[in-house]
Amino acid sequence: MNRKPLLLGHRGCRSTGITENSLAAFAHAMSQGCDGFEFDVRHTRDGRNVIWHDPTCCGKEIASTDSAELLGSNGQSLVVLEDVLTHFGPGAFLDIELKVSGSEESIVAALRANPPRQGYILSSFFPEILLRLHRLDDRLPLGLICDRRAALEVWRDLPVQVILPRYNLLQPQIVDEVHRSGRQIMT
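Note that the structure is a prediction, hence the values are computed from the model and not measured.

*Asks:* Sorry, what's going on with the overall build of the chain here?
*Replies:* Of the regular secondary structure elements, the chain holds 6 helices and 10 strands. Compactness check: the chain gives a C-alpha radius of gyration of 16 Å against a globular reference of 16 Å for 187 residues, within 12% of the reference. Principal-axis analysis of the C-alpha atoms gives the chain an extent of 45 × 35 × 30 Å. For the chain, with 187 residues in total, the buried portion stands at 44%. For the chain, contacts bridging at least 24 residues in sequence account for 49% of all contacts bridging at least 6. When the accessible area of the chain is evaluated, it comes to approximately 9600 Å², of which 50% is carbon and sulfur surface. Averaging the coordinates of the 20 positive side-chain charges in the chain and doing the same for the 23 negative ones gives two points 3 Å apart.

*Asks:* Teacher, can you tell me more about the nonpolar core here?
*Replies:* Grouped together as the largest cluster of nonpolar side chains are 36 residues, with contacts concentrated most on Phe39, Leu94, Ile96, Leu122 and Leu133. Contacts of Leu94, omitting those with residues within four sequence positions, involve Phe37, Phe39, Val84, Leu85, Phe88, Gly89, Pro116, Gly119, Tyr120 and Ile121.

*Asks:* Help me out: how do you make sense of the packing of aromatic side chains in this one?
*Replies:* Any two aromatic rings considered together are summarised by their centre-to-centre distance and by the angle between their planes. In the structure shown here, the tally under the stated rule is 5 aromatic pairs. An angle of 0° between the planes, with centres 4.1 Å apart, marks the rings of Phe26 and Phe37 as stacked. With Phe26 in helix H1 (residues 23-31) and Phe37 in strand E2 (residues 36-43), this residue pair connects regions lying 11 residues apart in the sequence. This pair shows no difference in class: Phe26 is buried, exactly as Phe37 is. A ring pair is formed by Phe26 and Phe39, whose centres lie 5.6 Å apart and whose planes are at 50°; its orientation type is tilted. Here Phe26 is found in helix H1, whereas its partner Phe39 is found in strand E2, with 13 residues between them in sequence. Residue Phe39 is classed as buried on the basis of its relative accessible area, which comes to 0%. Aromatic ring contacts, followed pair by pair, group Phe26, Phe37, Phe39 and Phe88 into a single cluster.

*Asks:* Can you help me understand the side chain of Asp95 in this one?
*Replies:* Residue placement: Asp95 occurs in strand E6 (residues 93-98). Notably, Asp95 is buried but unbridged: the nearest opposite-charge side chain belongs to Lys99, and the N-O separation is 10 Å. In this structure the side chain of Asp95 is engaged in a polar contact, spanning 2.6 Å, whose partner is the side chain of Ser123.

*Asks:* What am I meant to see in the layout of surface pockets here?
*Replies:* Left-over empty space is what a probe sized like a water molecule reveals as it rolls over the atoms. Within this model, the largest pocket holds a volume of roughly 970 Å³. In terms of lining residues, the largest pocket is bounded by 32 residues, among which Leu8, Asp95, Leu164, Met186 and Thr187 are the most central. For the lining of the largest pocket, the per-class residue count stands at 13 nonpolar, 8 polar and 11 charged.

Conventions and cut-offs
- Residues numbered from 1 in each chain as written.
- Predicted model: local features only at pLDDT ≥ 70, side-chain atom pairs only at ≥ 80, totals over all residues.
- Heavy atoms only, no water.
- Helix = DSSP H or I, 4+ residues; strand = E, 2+ residues; numbered from the N terminus.
- Rg over C-alpha atoms; globule rule 2.2 N^0.38 Å.
- Buried < 20%, exposed > 50% of the residue type's maximum accessible area, 1.4 Å probe, protein only.
- Contact = heavy atoms within 4.5 Å.
- Areas by Shrake-Rupley, 256 points an atom, 1.4 Å probe, with all protein chains shown as cover.
- Lys, Arg positive; Asp, Glu negative; His and termini not counted.
- Charge placed at Lys NZ, Arg CZ, Asp CG, Glu CD.
- Core = buried A, V, L, I, M, F, W, Y, C linked by side-chain atoms within 4.5 Å.
- Phe/Tyr/Trp six-rings, centres within 6.5 Å; stacked < 30°, edge-to-face > 60°.
- Salt bridge = Lys/Arg side-chain N within 4 Å of Asp/Glu carboxyl O.
- Polar contact = N/O pair within 3.5 Å; in protein donor to acceptor, adjacent residues only side chain to side chain.
- 1 Å grid on protein atoms, 1.4 Å probe; cavity = no way out; pocket = protein on both sides within 12 Å on 5 of 7 lines; lining within 4 Å.
- Points joined across faces, edges and corners; volume = space filled by probe spheres on them.
- Nonpolar A, V, L, I, M, F, W, Y, C, P; charged D, E, K, R; others polar.

Note that all results are geometric; they support no functional claim without further evidence.
Printed below as a string of structure tokens:
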């Protein structure tokens, strides 16, 4: 069976002069023919799910700062999950990466209120986040991100549909085993 690979922009796009993890980066990825994009979610002190990769922004720890105090490198407020779902949920596949625990319930609520129509996955490096999401809703599409060989070994014990290994961990036997288990590979 030949299926077209899913093409996702990493943090929307990188190396273009456009701020990554921004609405502009996501629009650029889509304009370049991507099926969707991956983006990072962090939780602020005031309970907002902001889109940002690093644990700090503007020299402030995101988890201990209100969202209104956080400005991206473009000088604008950080994008929040609800904005991404509203703007891109109708036409883009979304790889929503949870960077930290504590926001699982609010992310699930946002997805229930505005489900992406082209598909999505909730991904994380952290098995405990994936297990918590599964307990909240066992129908959620989950993916384990693996950047080390040891991390790649735990996928069999998790309720994930997708394994997301770093490209240098991909080996034919891993791909075959994942496919035999009825799961998918994204890298």
